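Below, each chain spelled out in residue letters.
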Amino acid sequence: IIASQEQLNDIYPSNPQKRHSIDAVLDFSGTTIRKNLGDALRGIIFVPLHGGRKATKQERVKYLADAHAALKKFNDQVLVHDFVASSHLSIADI
């Protein structure tokens, strides 16, 4: 919203077709990477640290596998472009 209001077209293009890849990366980051890393940190570290039940080995493996899969998909996206969402710096890189 701020990038649009401030007309920061160099990091968030006004063209909807060019914005699509940036929006897709931002969505993936917010819904998949954040969730999977948060789940892993909560389940493996923070819940037991604060007196909660320790995750089983099977649960820990699943948490870490999900986090790894999300980060691998993100890494694979970066390898396709010079930057996270395209060939130039965008708000997805910040």
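Relevant structure appears above.
The rules behind each value
Residues numbered from 1 in each chain as written. Predicted model: local features only at pLDDT ≥ 70, side-chain atom pairs only at ≥ 80, totals over all residues. Heavy atoms only, no water. Helix = DSSP H or I, 4+ residues; strand = E, 2+ residues; numbered from the N terminus. Rg over C-alpha atoms; globule rule 2.2 N^0.38 Å. Buried < 20%, exposed > 50% of the residue type's maximum accessible area, 1.4 Å probe, protein only. Contact = heavy atoms within 4.5 Å. Areas by Shrake-Rupley, 256 points an atom, 1.4 Å probe, with all protein chains shown as cover. Lys, Arg positive; Asp, Glu negative; His and termini not counted. Charge placed at Lys NZ, Arg CZ, Asp CG, Glu CD. Axes fitted to C-alpha atoms, helices over the stretch in contact; angles between N-to-C directions. Parallel < 35°, antiparallel > 145°, perpendicular 65-115°, else oblique. Left-handed = near helix turned anticlockwise from the far one by under 90°. Nonpolar A, V, L, I, M, F, W, Y, C, P; charged D, E, K, R; others polar.

1. A look at the overall build of the protein
Next, step 1: Assigned secondary structure in the protein consists of 3 helices and 0 strands.
Next, step 2: In the protein, the order of α-helices and β-strands from amino to carboxyl end is α-α-α.
Next, step 3: Here the C-alpha atoms of the protein give a radius of gyration of 17 Å, more than 25% beyond the 12 Å that 2.2 N^0.38 yields for 94 residues.
Next, step 4: In terms of its C-alpha atoms, the protein occupies a principal-axis envelope of roughly 50 × 30 × 15 Å.
Next, step 5: Residues classed as buried in the protein amount to 22% of the 94 residues present.
Next, step 6: Taking the contacts inside the protein whose residues are at least 6 apart along the sequence as the reference set, 52% of them involve residues at least 24 apart.
Next, step 7: Only carbon and sulfur atoms are counted for the fraction: they give 59% of the accessible area of the protein, which is about 6,800 Å².
Next, step 8: For the protein, the separation between the mean place of its 12 positive charges and that of its 10 negative charges on side chains is 12 Å.

2. Focus: the packing of helix 2 (residues 16-49) against helix 3 (residues 57-80)
Next, step 1: At a closest axis distance of 9 Å, the pairing of helix 2 and helix 3 adopts a crossing angle of 155°. For the element pair helix 2 / helix 3, the angle class is roughly antiparallel. Considering how the two elements wind past one another, helix 2 and helix 3 form a crossing that is left-handed. Contact residues: helix 2 offers Val 25, Phe 28, Thr 32, Ile 33, Asn 36, Leu 37, Asp 39, Ala 40, Gly 43 and Ile 44, while helix 3 offers Arg 60, Tyr 63, Leu 64, Asp 66, Ala 67, Ala 70, Leu 71, Lys 73, Phe 74 and Gln 77.
Next, step 2: Taken together, the residues of the contact of helix 2 with helix 3 sort by class into 12 nonpolar, 4 polar and 4 charged.

3. A look at the environment of Ala 40
Next, step 1: Summarising the element assignment, Ala 40 is placed in helix 2.
Next, step 2: Given the relative accessible area of 8%, Ala 40 is considered buried.
Next, step 3: With 15 residues separating them in the primary sequence, Ala 40 and Ala 55 have C-alpha atoms 9.9 Å apart.
Next, step 4: Setting aside chain neighbours within four positions, we find Ala 40 in contact with Ile 45 and Tyr 63.

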